[in-house]
Amino acid sequence: MPTMNMVQALNQALREEMRRDPRVIVLGEDVGYRGGVFLVTEKLIDEFGELRVIDTPLTEGGIVGIAVGMAMYGLRPVAEIQFIDFVYEAFDQIVSNVAKIRYRSGGQFSVPLVIRSPCCGGVRGGMHHSQSPESYFIHTAGLITIMPSTPYDAKGLLKASIRVDDPVIFLEPKSIYRTIREEVPEEDYIVPIGKARLVKEGSDVTIVTYGAMVYKSIEASKLAAEKHGWDVEIIDLRTLMPFDREAVLKSIEKTGRLVIVHEAPKTLGLGAEISAYVAENAIELLRGPVVRVAGYDTPFPLVHEKLYMPNVARIYMAIKKVMEY
Amino acid sequence: MNLISQALAKDLNLDKALGIFRVLDDQGVPDESLEPKLSKDFLLKIYEYMVRTRILDEWLLKLQRMGKVAIHAPNKGQEATMIGAALALREQDWMFPSYRELGALLVRGMSEEEIIDRAMANADDPLKGSDFAIYGSRDKKIVPAPVPVGNQIPHAVGFALAAKIMGDNIVVLTFFGDGATSRGDFHFGLNFAGLFKPPVVFVIQNNQWAISLPVRKQTAAPTLAVKGVAYGVPSIRVDGNDVLAVYSIAKEAVDKASSGEGPTLIESLTYRLGPHTTADDPRRYRSDEEVKRYEAKDPIPRFRRYLMYRGVLNEDLDREIWGRWRDYIETVVRRCLSKPELPEEVIFEDVYSEMPWNLREQLEEFRESLRVMKSLGLRVE
Ligand SMILES: Cc1ncc(C[n+]2csc(CCOP(=O)(O)OP(=O)(O)O)c2C)c(N)n1
Ligand SMILES: [Mg+2]
């Protein structure tokens, strides 16, 4: 089996889906001859031509609005937003249409659209090339929101997203686009939407996380084991909405302790929802407070980003806090 | 001359939006009927701004490669547009640039040192490490650009409209690229400008490319200037590598705006000789031959030929100018490199006028995390 990074895995997912289904098309800024600024769509235009790989004018609102029309007609568009930080012009379309057309039309129309976009920090991208805005989408009924953390999952989840009949916001943590390599089958497979992945088994405390923070959590778990012998379990949500509540509950049944780690700002981040869910439905399982490690409630800074983002020290502090409660 | 007013007179006169206004030919020889009457000192000042911009641009590229600057958007080839347009502004006027106007910053009085401090986001960075590739200073009446392309266009219109409402005599000039003309913000801004006639000047730096998208794939409109015409904004196309053409037209637009005659859109035809940014590889989408063709139209040698033709410049003076600015900017770079980083807690500043409880709490956690890192000997990865 070949090993590949996430960019290559995503490229392969797109290529396979476009070969499998002539309704799948790709559109976005610089996705054609440039192959995307991160090369996720590299050379697709050579195989599928300008009608199915569309270099669009510079307007995110236009890209998404046009893709909505295409999806209603019956295509399976995959729209790229060059950086998720630039999606805001398209918010009107996403919130008012992508998310609501099924409901508004009494189920007569749907928008099987995938909006994929590099997200998150860690590459010195500054304020407008680093954000983690997943909460806006999670909060919008009608959207599925996904963030893979491995090449294997990226390929399988993107294929599942293209095939599902609902719109999907597919967020790709750019800091791990090329840093993680693993074996990825060259044949067709999907990773199911709505299912978390058990990254590491443990018995003392559960970390629920996703995206690039999976790797920071692994490092912090090593530190906790080294310093205190604590055995950390790590769950990668993969699908953020609808998140895998069974996986979360099953894990805290065992550990009784919950830490949630994400890059997105703390207030109304996904951690708030998971924590409330557990408090409402399974408070008796908890032996201590739920602790969140998240981006601070500030814009994403250009300077000191590694201190702004959840890092090993901050995750370790959270583990310590719940373990010593 | 009154070129813009002529366009205005015939109302939807498309001639100016379809033609190209130029003063200098490719060899730098002026059309004497259009040549502005500028003093020798002023002409040399224009040239020095161009030289300074080119040298500064080269340094920012170098500093980026050294890891001292996060990213840089090269200005090479576009100096005539940014400098010609900014020189048309008066002391009291304001500027809303994008991320590719180093020369305009210099014209408005930002120093090389402020610009490099900003690019490096060091302790003296006037924008306190907020984002990359953007520059500005309230003192100099330059509003720092938003990185999302074109966001500043409606801001410039609103700013100018506010001045009009308050009865203040200022003109607002905003720069943006050809790509930005596809954004909603461009259309919102132009529509309001056409209706409410604020004193605003739009300068499109049509450098032929928006990353990999050539302008002919950005729009099917015959020119970008006709988009202004569609909104009832007098619009004109100029040779953006001819600093005298840009200056003449921008000056007229500023005069017109300041005398209550409303907005003008200037489409300035230029070319980005470098990569889109230091993160780009233009060979993936354009040929070296094309770049070579435009290198021959580089605005700096073109203006130098004009100055020599007019006897304002000779080889010795030219060498002296380049040498003086090279030495000066190198000294500035060394000084900037020796400055400390911004303090860590700066990331919590300026979110609100006063820090709310959640941030105060988080700042405490932040301090604690720094202590823990130190005590465990953890380095920021
Ligand atoms: C809203 C938005 N979408 C995408 C980007 C990424 N991006 C940065 S510059 C650029 C092209 C801009 O082209 P143009 O307006 O012609 O300006 P130029 O870079 O050529 O000066 C793109 C797509 C962005 N910064 N903002
Ligand atoms: Mg451009």
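Residues numbered from 1 in each chain as written. Chains lettered and ligands numbered in written order. Predicted model: local features only at pLDDT ≥ 70, side-chain atom pairs only at ≥ 80, totals over all residues. Heavy atoms only, no water.

### A few points about the interface of chain A and chain B
Listed by partner, the interface residues are 46 residues for chain A and 53 residues for chain B. Approximately 3,900 Å² of surface area, both sides summed, lies buried where chain A meets chain B, with 63% of it carried by carbon and sulfur atoms. The largest share of the area that chain A buries against chain B comes from A:Arg34, A:Leu58 and A:Tyr296, three residues that together contribute 17% of it. Linking chain A with chain B are six salt bridges, by the criterion used here. (Contact = heavy atoms within 4.5 Å. Buried area = accessible area lost by both parts, 1.4 Å probe. Salt bridge = Lys/Arg side-chain N within 4 Å of Asp/Glu carboxyl O.)

### As for empty space enclosed by the protein
The full count for this structure, using the stated rule, is two cavities of 30 Å³ or more. Roughly 50 Å³ of volume is contained in the largest cavity. As for the largest cavity, its lining consists of A:Leu302, B:Val69, B:Ala70, B:Ile71, B:Arg118, B:Ala119, B:Asp131, B:Phe132, B:Ala133, B:Ile134 and B:Tyr135. For the lining of the largest cavity, a count of residues per class yields nine nonpolar, no polar and two charged. The volume enclosed by the second largest cavity comes to roughly 40 Å³. Together, A:Cys120, A:Ser132, A:Glu134, A:Met147, A:Tyr210, A:Ala212, A:Met213, A:His262, A:Glu263 and A:Ala264 line the second largest cavity. In terms of residues, the lining of the second largest cavity owes the most to one element, strand β13 (residues 258-265) of chain A, which gives three residues. Taken together, the residues of the lining of the second largest cavity sort by class into six nonpolar, two polar and two charged. (1 Å grid on protein atoms, 1.4 Å probe; cavity = no way out; pocket = protein on both sides within 12 Å on 5 of 7 lines; lining within 4 Å. Points joined across faces, edges and corners; volume = space filled by probe spheres on them. Nonpolar A, V, L, I, M, F, W, Y, C, P; charged D, E, K, R; others polar. Helix = DSSP H or I, 4+ residues; strand = E, 2+ residues; numbered from the N terminus.)

### Section: the site of ligand 1
Residues in close proximity to ligand 1 total 20 residues, the closest being A:Glu60, B:Tyr99, B:Arg100, B:Gly179 and B:Asn207. In this structure, ligand 1 sits where chains A and B come together, each supplying nearby residues. Note that an oxygen atom of ligand 1 is positioned 3.4 Å from one of the side-chain N or O atoms of B:His276. Across the complex, the protein chains shield 96% of the 570 Å² of accessible surface that ligand 1 would expose by itself. For the shell around ligand 1, a count of residues per class yields ten nonpolar, five polar and five charged. (Near = heavy atom within 4 Å. Polar contact = N/O pair within 3.5 Å; in protein donor to acceptor, adjacent residues only side chain to side chain. Areas by Shrake-Rupley, 256 points an atom, 1.4 Å probe, with all protein chains shown as cover.)

Spatial relationships are all this shows, so hold off on functional conclusions.
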